[in-house]
Every structure is written in C-alpha cells, then in structure tokens.
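Remarks on the overall topology
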Amino acid sequence: LRRRYAAERRFRAYGLGAILAAVGFLVVFLGNILWQGIPGFFQAYIALDVTYDAATLDPLGDRSLESFKQAQRDGAFQALVNDALYAEFPEVTERRDRKTLRDLVSPWAGDRLATAVEDDPSLLGRSERVWILAGDEAHRFINGDIPRDRPESERKITDRQIAWVDALAAEGRAEVHFEWAFFSAADSREPEAAGFGAAIIGSLYLMLVTLVLAFPVGVMAAIYLEEFAPKNRL
C-alpha cells in the first residue's frame with residue numbers, strides 16, 4: 001500500500017511538473033509574440049480636411065447602401081482623399097509628384113471613409129477634418145522606424161515626402177494612434193490595413209470543431225479506462 005501511495009505521489013508530481021513546464025513555455029512564447037507585436041497595435045494617421053461631395057459619393061441620389069457601394073467601386077472615396085491632399089499642397093501639380101504625394105496615404109483610406117458614410121449618411125455635403133490612414137512608408141517614418149538621417153538611397157520614403165510629412169506634423173496633423181481596426185480587419189496586401197480579426201474568428205471555429213470532436217472521445221476514453229479496461233501494464 002505504501003508503494004502504491006508513493007507511486008501515486010510520483011505520478012502526480014510528474015503531471016504537475018509537465019503542466020508547469022507547458023505553462024512556462026507558453027508564457028515565454030506568448031510574451032515574446034506580444035513584445036514583438038506591440039508596434040502593430042499603433043498606426044500613423046494624417047489629418048486632412050475632407051468634403052463629402054454628395055453628387056460624387058451618392059451617384060444614385062437615394063443615400064442607399066448600393067449607391068455608396070457603387071461610388072466605392074468607382075474609386076470616389078479614394079479620390080476624395082486624394083483631393084484633400086492636393087488641396088493641402090496646391091504647389092504640387094506635376095503628375096509624377098502627385099503620385100508621390102498620394103503615397104503618403106494608404107490606398108485603403110477611401111474604404112474607411114466609405115464605411116463612415118455608410119454608417120452615417122448625414123456626412124454627405126459636410127466638410128470636416130478626418131484622420132486618414134497613412135501609407136506604410138509614411139507610417140514607418142512618423143513612427144520613428146526610419147531614421148531621418150538615413151540617406152535617401154537607403155529608404156523608400158523620399159526627402160520630398162519627408163518635407164510634406166514634416167509640414168503636416170508641424171500643425172499636429174501627423175500622429176500615431178492606437179489602431180482599434182487591427183482587431184476587426186482581415187488580411188491585406190497593405191501592412192497598414194491588415195489585422196487579425198479573421199484569424200481570431202478562424203481560431204474560434206477551430207477550437208469549436210476541436211471541442212466537438214475531442215470532448216466526447218476524451219470522456220468515453222476516460223470511462224473505458226476507469227470502468228472497463230483490464231488492469232495491466234498496457
């Protein structure tokens with residue numbers, strides 16, 4: 001009986017040690033992921049004065065979701081962002097320079113404006129200052145990931161783009177904000193627009209399927225081992 005109790009205590013110790021080791025590795029693993037992933041929760045934004053032109057954003061004239069979707073497909077919302085940039089820097093008139101200027105904002109910035117108008121159609125016809133999602137290279141510069149003193153040949157953001165960002169920052173219109181959309185956005189080719197919302201949903205579905213499959217099998221295996229399995233080494 002003493003030997004049996006001693007074996008039971010050793011078995012418990014082995015199990016507890018295995019659990020503590022697994023938890024320890026999990027803490028280290030998740031801590032490392034969190035530490036490296038903290039910058040992903042912040043995104044650079046640029047404040048621009050946007051005019052929600054009703055004729056452009058509501059082509060059907062009925063303020064319906066279909067009308068807004070059509071305007072979004074036609075690129076009207078992204079054009080709205082570009083027009084706000086051009087108005088901010090009227091001296092930029094050359095086609096190539098305007099393309100460089102547009103790179104300051106994300107190509108997905110218009111989609112977020114579209115979502116805002118779909119949620120609140122009363123924005124049509126109004127003008128207001130809006131925080132626009134910055135492009136990837138502009139974000140990295142505003143966030144301090146690209147040193148200012150690095151030669152232009154060694155970075156993707158140009159000196160002229162830096163001058164534009166500096167002009168906006170001097171007016172308090174280029175800042176890094178906590179990115180709440182990171183929790184709901186899906187995968188994207190553009191880093192500044194990506195999120196892990198789809199990954200969370202996929203993980204929940206995976207856990208649900210795993211639970212449905214593993215729980216009854218685990219319970220039945222436990223009942224068999226405890227009540228029906230013969231007592232032998234196997």
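Attention in this report is confined to the structure presented alongside it.

Rules of the game
- Residues numbered from 1 in each chain as written.
- Predicted model: local features only at pLDDT ≥ 70, side-chain atom pairs only at ≥ 80, totals over all residues.
- Heavy atoms only, no water.
- 1 Å grid on protein atoms, 1.4 Å probe; cavity = no way out; pocket = protein on both sides within 12 Å on 5 of 7 lines; lining within 4 Å.
- Points joined across faces, edges and corners; volume = space filled by probe spheres on them.
- Helix = DSSP H or I, 4+ residues; strand = E, 2+ residues; numbered from the N terminus.
- Nonpolar A, V, L, I, M, F, W, Y, C, P; charged D, E, K, R; others polar.
- Axes fitted to C-alpha atoms, helices over the stretch in contact; angles between N-to-C directions.
- Parallel < 35°, antiparallel > 145°, perpendicular 65-115°, else oblique.
- Left-handed = near helix turned anticlockwise from the far one by under 90°.
- Contact = heavy atoms within 4.5 Å.
- Salt bridge = Lys/Arg side-chain N within 4 Å of Asp/Glu carboxyl O.
- Buried < 20%, exposed > 50% of the residue type's maximum accessible area, 1.4 Å probe, protein only.

Observations regarding the layout of surface pockets
- Empty space within the largest pocket amounts to approximately 280 Å³.
- What lines the largest pocket is a set of 18 residues, among which Arg-102, Asp-103, Leu-104, Val-105 and Pro-107 lie closest to the centre.
- Those elements that place two or more of their residues in the lining of the largest pocket are α4 (76–88), α5 (95–102) and α7 (136–142).
- Ranked by residues supplied to the lining of the largest pocket, first place goes to α7 with three residues.
- Per-class residue counts for the lining of the largest pocket are five nonpolar, five polar and eight charged.

Focus on the packing of α5 against helix α8 (residues 159–170)
- It is the contact of α5 with α8, at a shortest axis distance of 10 Å, that shows an interaxial angle of 60°. It follows that α5 is oblique to α8 by the angle criterion. Here α5 and α8 pass one another in a crossing that is right-handed. Where α5 approaches α8, its residues Asp-97, Thr-100 and Leu-101 are matched on the opposing element by Arg-160, Gln-161 and Trp-164.

A look at the pattern of salt bridges
- Applying the stated criterion to the full structure yields 13 salt bridges.
- Measuring nitrogen to oxygen at the nearest pair gives 2.9 Å for the salt bridge that ties Arg-129 to Asp-49. Of the two residues, Arg-129 sits in strand β2 (residues 127–133) while Asp-49 sits in strand β1 (residues 42–51), which places them 80 residues apart along the sequence.
- Given the relative accessible area of 47%, Arg-129 is considered partly exposed.
- Among the ionic pairs, Arg-173 bridges to Glu-171, the shortest N-O distance being 2.8 Å.
- By sharing partners, the salt bridges in this structure join Glu-88, Glu-171 and Arg-173 into a single network.

Focus on the packing of α4 against helix α6 (residues 109–119)
- Two elements in contact, α4 and α6, have axes whose closest approach is 7 Å; the angle formed by their N-to-C orientations is 110°. In terms of orientation, α4 lies roughly perpendicular with respect to α6. In this structure, the crossing between α4 and α6 has a hand that is right-handed. Where α4 approaches α6, its residues Phe-77, Gln-78, Leu-80 and Val-81 are matched on the opposing element by Ala-109, Gly-110, Leu-113, Ala-114 and Val-117.
- When the residues that make up the contact of α4 with α6 are grouped by side-chain class, the tally is seven nonpolar, two polar and no charged.

The analysis is restricted to geometry; functional conclusions fall outside its scope.
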